[in-house]
Amino acid sequence: MTSLFWKDLATDLEDPEFLREYIRESVRIATVDAIMNALDRARLAENLSKAEVARAIGAEPAVVRRLFAAGNTNPNPTLGTLVDVAAALGLRIKVEPLPDEEREAVTDPLRNGTASQAAIERLVTLRSQYESTQPA
């Protein structure tokens with residue numbers, strides 16, 4: 001983390017509210033992306049079109065097309081929609097504990113407003129992994 005951007009980010013992350021917002025947004029983006037990728041893989045494995053999924057959940061086909069579109073313009077679908085799509089694909093959405101390393105980088109800073117250098121580096125990695133998978 002030597003560029004001006006990374007130095008500025010490291011400085012910004014010293015502000016507890018900025019840190020919390022950065023963590024919340026990073027986790028939200030990574031989680032929704034992981035869920036949507038898993039649902040799309042399941043849809044393909046079931047050999048279902050997006051229109052068939054839409055029909056199964058009582059939605060307009062355009063809604064489901066947007067949901068599964070690369071570079072989705074709705075990066076925050078409702079939990080209800082995700083549950084409906086998962087059920088139509090024979091899946092359920094579950095909550096699981098974070099691994100210890102992620103818990104240190106996510107949960108502890110959300111609670112106390114500070115993060116170790118290692119936790120900050122883990123957060124940046126989490127966010128950059130998501131951003132590197134998005135189309136330009």
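Owing to the predicted nature of the structure, the values given are computational and were not obtained by experimental measurement.

Chemist: Any chance you could explain the overall build of the protein chain here in plain terms?
Modeler: Across its full length, the protein chain holds 7 helices and 0 strands. Taken from the N to the C terminus, the helices and strands of the protein chain come in the order α-α-α-α-α-α-α. The buried share among the 136 residues of the protein chain stands at 28%. Nonlocal contacts in the protein chain, meaning residues at least 24 apart in sequence, comprise 63% of its contacts between residues at least 6 apart. Carbon together with sulfur atoms contributes 52% to the accessible area of the protein chain, which is approximately 8,800 Å² in total.

Chemist: Just to check I follow, could you spell out the packing of aromatic side chains for this structure?
Modeler: Centre distance and the angle of the planes are the two values used to describe a pair of aromatic rings. On inspection of all chains with the given rule, the structure shows 1 aromatic pair. Both rings, one in Phe18 and one in Tyr22, keep their centres 6.3 Å apart while their planes meet at 20 degrees; by these two values the pair is stacked. A residue pair is termed a helical-turn pair when its members lie 3 or 4 positions apart in one helix, as Phe18 and Tyr22 do in helix H2 (residues 16-45) at 4 residues. Residue class for Phe18 comes out partly exposed when judged on its relative accessible area of 32%. Under the relative-accessibility criterion, Tyr22 is labelled buried at 12%. For the cation-ring pair, Arg43 lies above Phe68, with the distance from its terminal atom to the ring centre recorded as 5.4 Å.

Chemist: Would you explain the pattern of salt bridges in this entry?
Modeler: If charged atoms from side chains of opposite charge come close, those side chains can pair. Scanning the model with the defined rule gives 6 salt bridges in all. Across the salt bridge formed by Arg20 and Glu17, the nearest N and O atoms sit 3.0 Å from each other. Within this pair, Arg20 and its partner Glu17 are both found in helix H2, separated by 3 residues, close to a single helical turn. For Glu17, a relative accessible area of 49% puts it in the partly exposed group. Notably, a salt bridge pairs Arg122 with Glu102, separated by 3.1 Å at the nearest N-O pair. Separated by 20 residues along the polypeptide, Arg122 in helix H7 (residues 117-132) and Glu102 in helix H6 (residues 100-112) bring together distant segments of the chain. Residue classification places Arg122 among the buried residues on the basis of a relative accessible area of 18%. Through salt bridges with shared partners, one network takes in Glu101, Glu102 and Arg122.

Chemist: Looking at this model, I keep getting lost on H2. Mind explaining?
Modeler: Because each turn of an α-helix spans 3.6 residues, side chains separated by three or four positions in sequence point in the same direction. Between the first and last C-alpha of H2 there are 43 Å, a value that for 30 residues agrees with the 44 Å anticipated at 1.5 Å per step. Asn47, located one to two residues past H2, shows a positive phi value of around 60 degrees.

Calculation criteria
All residue numbers here refer to positions counted from 1 along the written sequence of the relevant chain. Two thresholds apply to this predicted model, a pLDDT of at least 70 for residue-level local features and 80 or more for giving and counting side-chain atom pairs, whereas whole-chain, interface and lining totals are computed over all residues. Only hydrogens and water are set aside; all other atoms, that is, all heavy atoms of the structure, feed into the side-chain values. Only DSSP runs of H or I covering at least 4 residues are called helices, and only runs of E covering at least 2 are called strands; the numbering of each starts at the N terminus. Categorising residues by exposure relies on relative accessible area from a 1.4 Å probe, with only protein chains included: less than 20% of the type maximum marks a residue as buried, more than 50% marks it as exposed, and the intermediate range marks it as partly exposed. Should any heavy atoms of two residues lie within 4.5 Å, those residues are considered in contact. Here the open area of atoms and residues is found with the Shrake-Rupley method and a 1.4 Å probe, where only the protein chains shown may cover a residue. Pairing of aromatic side chains here covers Phe, Tyr and the six-membered ring of Trp, requires ring centres within 6.5 Å, and sorts the geometry by plane angle: under 30 degrees stacked, over 60 edge-to-face, intermediate tilted. Throughout this description, the term charge over a ring refers to an Arg CZ or Lys NZ atom that lies within 6 Å of the ring centre and within 35 degrees of the ring normal. A carboxyl oxygen of Asp or Glu within 4 Å of a side-chain nitrogen of Lys or Arg is what we treat as a salt bridge. Expected helix span is given by 1.5 Å per residue-to-residue step, counting one fewer step than there are residues.

Coordinates in, geometry out; function isn't part of it.
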